[in-house]
Amino acid sequence: MIEMRSDSVLKELLNAKAPFERANLEPQIILLRVPKEAEKTAGIIPQRYGAIETSFARGVNEGEEKDTLLIVTDKKLVDHVSIKDIKGSFLIKKNFIEVYRTLRTDLPILLFKLLPEGCQEITIRIYDNEKRYDENIERVLLVLEDLDLGYVVSEGWDWDYPRPFMRIRIYKIKLITWEDPLRIKFLLKGLEYKGYQRFADIDVFVEGKKIPWIEVSKEYQSKFELTKAA
């Protein structure tokens, strides 16, 4: 049991009896996707994290083993991201885990600073009478990720009270999104049915108010047509 990164151990093993002068590790890289105004991160990240703005090549070259290179792009991370898609590079003199944890916590703050008018928090609630929560949660998270609908900032179990003295268990997901909440409601409606069989209840809330399914069904004659289209 060694309190070092696995690649650090490999480096030391190579250097122990190496047929070359020295092997060194570059900084670990975090790729951060900002949907819009990615260039504005240059005015926020250096000040907030004590980062040094640099180029990708210089950051890799000058960064040390215990540093982190934060790369910013506005391209979807589910796609291939090339060097030309980089909108900012920042060298942070802190280890990967520390930077990653801080970014996870700070993500809503960063997005609201970068997109003050185009970003909001919505809540998704999943309820399944048949208790197939594992499958339903996985399906919802897969859609949110693959369609790049936002960042999940928290998730977990909660209670809902549809009627007085009636309590049901739900799974709640909080999402920071730059999409229209009506589009998210429409897409998630497609997960509520399998064919003509109801598979789950998936509600979308904005500022504590539930979006009725009727708001996204104006072009369709029934729930089945709506969910098939979604």
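So, here is what we can say about the structure in this document. (Residues numbered from 1 in each chain as written. Predicted model: local features only at pLDDT ≥ 70, side-chain atom pairs only at ≥ 80, totals over all residues. Heavy atoms only, no water.)

## Quick notes on unusual backbone geometry
And then number 1: The backbone phi angle of glutamate 37 is positive, close to 55 degrees, even though this residue is not glycine.
And then number 2: Structurally, the position occupied by glutamate 37 is in the loop between β1 (28-33) and α2 (45-49).
And then number 3: For lysine 131, which is not glycine, the phi torsion reads 65 degrees and is therefore positive.
And then number 4: With respect to the helices and strands, lysine 131 occurs in the loop between β5 (120-127) and α5 (133-146).
And then number 5: Since its relative accessible area comes to 57%, lysine 131 is described here as exposed. (Helix = DSSP H or I, 4+ residues; strand = E, 2+ residues; numbered from the N terminus. Buried < 20%, exposed > 50% of the residue type's maximum accessible area, 1.4 Å probe, protein only.)

## So, the pattern of salt bridges
A side chain with one charge may pair with a side chain of the opposite charge, provided their charged atoms come close.
And then number 1: Taken as a whole and judged by the stated rule, the model has 18 salt bridges.
And then number 2: The salt bridge involving glutamate 179 is made with arginine 183; its shortest N-O contact spans 3.4 Å.
And then number 3: Exposure remark for glutamate 179: the relative accessible area of 21% places this residue in the partly exposed category.
And then number 4: By relative accessible area, arginine 183 is classed as partly exposed at 36%.
And then number 5: In this structure, arginine 198 and glutamate 192 form a salt bridge, with 3.6 Å as the shortest nitrogen-oxygen distance.
And then number 6: Judged by relative accessible area, which is 34%, arginine 198 ranks as partly exposed.
And then number 7: With a relative accessible area of 1%, glutamate 192 lands in the buried category. (Salt bridge = Lys/Arg side-chain N within 4 Å of Asp/Glu carboxyl O.)

## A look at the layout of surface pockets
And then number 1: Empty space within the largest pocket amounts to approximately 660 Å³.
And then number 2: As for the largest pocket, its lining consists of 21 residues, and the residues nearest its centre are Leu77, Arg104, Leu107, Gly150 and Tyr151.
And then number 3: Residues belonging to the lining of the largest pocket are distributed by class as follows: 14 nonpolar, two polar and five charged. (1 Å grid on protein atoms, 1.4 Å probe; cavity = no way out; pocket = protein on both sides within 12 Å on 5 of 7 lines; lining within 4 Å. Points joined across faces, edges and corners; volume = space filled by probe spheres on them. Nonpolar A, V, L, I, M, F, W, Y, C, P; charged D, E, K, R; others polar.)

## What about the pairing of strand β7 (residues 166-177)?
And then number 1: Two elements, β5 and β7, share seven bridges in a ladder whose sense is antiparallel. Residue pairing across strands places isoleucine 122 opposite leucine 175, the latter belonging to β7.
And then number 2: Relative to β7, strand β6 (residues 151-163) is paired through ten bridges, and the arrangement is antiparallel. Looking across to β7, one finds that tyrosine 151 is bridged to isoleucine 176. (Pairing = 2+ DSSP bridges.)

## Some words on a nonpolar patch on the surface
And then number 1: Taken together, Leu10, Leu14 and Phe20 make up a surface patch of nonpolar side chains, about 270 Å² in accessible area.
And then number 2: With respect to the helices and strands, the residue leucine 10 is situated in helix α1 (residues 6-16). (Patch = residues over 30% accessible without salt bridge, like charges linked within 9 Å, V, L, I, M, F, W, Y side chains within 5 Å. Areas by Shrake-Rupley, 256 points an atom, 1.4 Å probe, with all protein chains shown as cover.)

## Looking at the sheet that holds strand β3 (residues 68-73)
And then number 1: The strand order across the open sheet formed by four strands is β1-β3-β4-β2, and the pairing between neighbours is mixed. Two strands close off the open sheet at either side, each with one partner strand: β1 and β2 (52-54). The sheet shows a mean angle of 30 degrees between the axes of neighbouring strands, taken without regard to direction.
And then number 2: In this structure, β1 lies alongside β3, joined through six bridges in parallel fashion. (Axes fitted to C-alpha atoms, helices over the stretch in contact; angles between N-to-C directions.)

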